[in-house]
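Single-letter residue listing:
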Amino acid sequence: MENTQNITVPRRILTALLSSLSAGVVPRAGAPYIAIGRGDEIGAFLSDLENIGEGGSAMRFLIGRYGSGKSFLMQLIRGYALERDFLTADADLTPERRLYGSGGSGLATYRELMKNLASKASPDGGALPKIIARWIGNLQAKVGENDPTGAKLRDAVMQDLRDVEFLVGGFDFARVISAYYRAYLEGNDEQMSACLCWLRGEFASKTEARRALGFAISTIIDDENWYDFIKLFGVLARRIGYRGLVVFIDECVNLYKIVHRVSRENNYEKILSMFNDALQGKAEGLLMVLGGTPQFLEDPRRGLFGYEALRSRLCDSRFADAEFKNLIGPVIRLRRLSDDELFALIVRVTALYAQCYRWEPRITAEQQMRFLSISLSRAGSNSMITPREILRDYLTVLNILMQNEQTDFEKIVARVTAESGALQAEMTENTVTGTEKRDFSLEDIQL
């Protein structure tokens, strides 16, 4: 991406972006403006999108520590997918939203995905009505004006839905889509609303659905079958003119946190089913991206590796090594950004900050380098430091400089460096003292 100093970022996006970064929250808009150092990972996902666009299917596990950039990368890929005319849907798992569970926890995830269903024309979600309207408009243009009875349009609709009917849940799915199409042409808003409620999984029973729709229905979307309807949307997306469907499910660590073993393994069984469908080509036009922490993946007792069928599919080969890059497999582990990439990120954020607040930050390149050096000097930072921590601290420094004209960078960091030096000295002293005490105790025992 070109230098942000040479472009004008819309103020609405810029304000939301900096506010999110200051709070340690993943920005939903403006991610490309601070995309630094993830070129290989982005390339892997773009390759997946090309495969999905040709009717394939795939599933990826995006693994990284809290704050390492998992959710950020998901939002970035989401933007790229929308630009390439894919449909996207995203949801975060919570104790109330799971992949499998009784009491509506699986259905709650589906409803969240449908609420966030997005297209290029509706990037903020709620795109389902516009998606179907676009499809009907394309069919009307295809059959032309010489269709006084609507027979040609009806035949075109049924032709697009014919392949869907033979999939699990496809017959009712096609019937509801057809009913929506007829209600759309007739201007029947009540019928259209009822069809959308069914597609979003909002009916609690078949009786309730039948009463609202006005015709018999053999199934409703529930905890057991919601993923089957995600696959149907993937197929339908390609039939109605989109390139496919990309589903992002983040915060999968909440599955790792499930205390009840049977409930946890039922969720992992659902992941196994999704994985098998993707790798066997049974989910046309669908890319599933699951984000989680290393514990979610690797914990031998409660993580995915604790479920043997998944461990045997997802564990690294004995020929794999941390020094080798392998982004073709299902698991993508986010590496720590290099020092140069972190410095480039700081420079990029400084330019965005100046543009947002129309204020030239009183900080030099040398001071930016010193800030990064201070951040990286903390114990364990070589492997544990994350972009979230660095950006939150750095934006705090910029905020203080802008609001306190009497201070400067040196005053702000002086206390931190002094505390770090005192802590390091205390740790060294404690280590020496502790060794002397242990030796003394041993001598006493020997006496």
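To be clear, the structure that these remarks concern was listed above.
A brief structural summary. (Residues numbered from 1 in each chain as written. Predicted model: local features only at pLDDT ≥ 70, side-chain atom pairs only at ≥ 80, totals over all residues. Heavy atoms only, no water.)

On to the packing of helix α16 (residues 365-376) against helix α18 (residues 387-403), then. For the pair α16 and α18, interaxial distance at closest approach is 11 Å and the crossing angle is 135°. Taken together, the axes of α16 and α18 are oblique relative to one another. Seen from above, α16 lies across α18 with right-handed handedness. In this structure, α16 contributes Gln 368, Phe 371, Leu 372 and Ser 375 to the contact, and α18 contributes Ile 390, Asp 393, Tyr 394 and Val 397. (Axes fitted to C-alpha atoms, helices over the stretch in contact; angles between N-to-C directions. Helix = DSSP H or I, 4+ residues; strand = E, 2+ residues; numbered from the N terminus. Parallel < 35°, antiparallel > 145°, perpendicular 65-115°, else oblique. Left-handed = near helix turned anticlockwise from the far one by under 90°. Contact = heavy atoms within 4.5 Å.)

If you walk across this open sheet you meet the five strands as β2-β3-β4-β1-β5, and the pairing is parallel. Pairing within the sheet leaves two strands with one partner each, and these edge strands are β2 (87-92) and β5 (331-333). Sheet twist, expressed as the average angle between the axes of neighbouring strands with direction ignored, equals 15°. Where strand β1 (residues 57-63) lies against β5, three bridges are found, and the strand directions are parallel. Across the sheet, the residue bridging to Ile 63 is Arg 333, located in β5. Contacting β1 and β4 (286-292), helix α12 (residues 261-279) crosses the sheet at an angle of about 130° to β1. (Pairing = 2+ DSSP bridges.)

For the rest of this paragraph, the subject is the packing of aromatic side chains. The relative placement of two aromatic rings is captured by the distance of their centres and the angle of their planes. With the rule as written, the count across this model stands at nine aromatic pairs. Seen from their ring centres, Trp 198 and Phe 229 are 5.6 Å apart, and the 80° between their planes marks the pair as edge-to-face. Here the residue Trp 198 occupies a position in helix α8 (residues 189-199), and Phe 229 occupies one in helix α10 (residues 226-239), the gap between them amounting to 31 residues. With respect to burial, Trp 198 and Phe 229 carry one shared label: buried. Note on Tyr 268 and Phe 296: the rings are 6.4 Å apart at their centroids and 65° apart in plane angle, and the pair reads as edge-to-face. Separated by 28 residues along the polypeptide, Tyr 268 in helix α12 and Phe 296 in helix α13 (residues 294-298) bring together distant segments of the chain. Tyr 268 gets classed as buried once you look at its relative accessible area, which sits at 2%. Three or more aromatic residues joined by ring pairs form one cluster here, namely Phe 173, Trp 198, Phe 229 and Phe 233. In this structure, Arg 60 is placed above the aromatic ring of Phe 45, and the distance from its NZ or CZ to the ring centre is 6.0 Å. Between the NZ or CZ atom of Arg 302 and the centre of the ring of Tyr 256, over which it lies, the distance is 5.4 Å. (Phe/Tyr/Trp six-rings, centres within 6.5 Å; stacked < 30°, edge-to-face > 60°. Buried < 20%, exposed > 50% of the residue type's maximum accessible area, 1.4 Å probe, protein only. Lys NZ or Arg CZ within 6 Å of the ring centre and 35° of its normal.)

With that settled, consider the packing of helix α2 (residues 39-53) against helix α3 (residues 70-83). Look at α2 against α3: their axes get within 11 Å of each other, and the N-to-C directions meet at 40°. Put simply, α2 runs oblique to α3. Considering only the axes of α2 and α3, their crossing is right-handed. Contact residues: Glu 41, Ile 42, Phe 45, Leu 46 and Leu 49 in α2; Leu 73, Leu 76, Ile 77, Tyr 80 and Ala 81 in α3. In terms of residue class, the contact of α2 with α3 is made up of nine nonpolar, no polar and one charged. (Nonpolar A, V, L, I, M, F, W, Y, C, P; charged D, E, K, R; others polar.)

Across the eleven residues that make up α8, a large majority, eight, are buried. Of the residues making up α8, those classed as buried are Gln 191, Met 192, Ala 194, Cys 195, Leu 196, Cys 197, Trp 198 and Leu 199. Buried positions along α8 lie against α4 (105-115), α5 (128-143), α7 (170-186), α9 (206-213) and α10.

A few words now on the side chain of Arg 78. Tracing the backbone through its elements, the reader meets Arg 78 in helix α3. Here Pro 123 takes part through its backbone oxygen, which lies 2.4 Å from a polar atom of the side chain of Arg 78. Beyond its immediate stretch of four places on either side in the chain, Arg 78 contacts Arg 28, Thr 88, Asp 90, Ala 118, Pro 123, Asp 124 and Phe 248. (Polar contact = N/O pair within 3.5 Å; in protein donor to acceptor, adjacent residues only side chain to side chain.)

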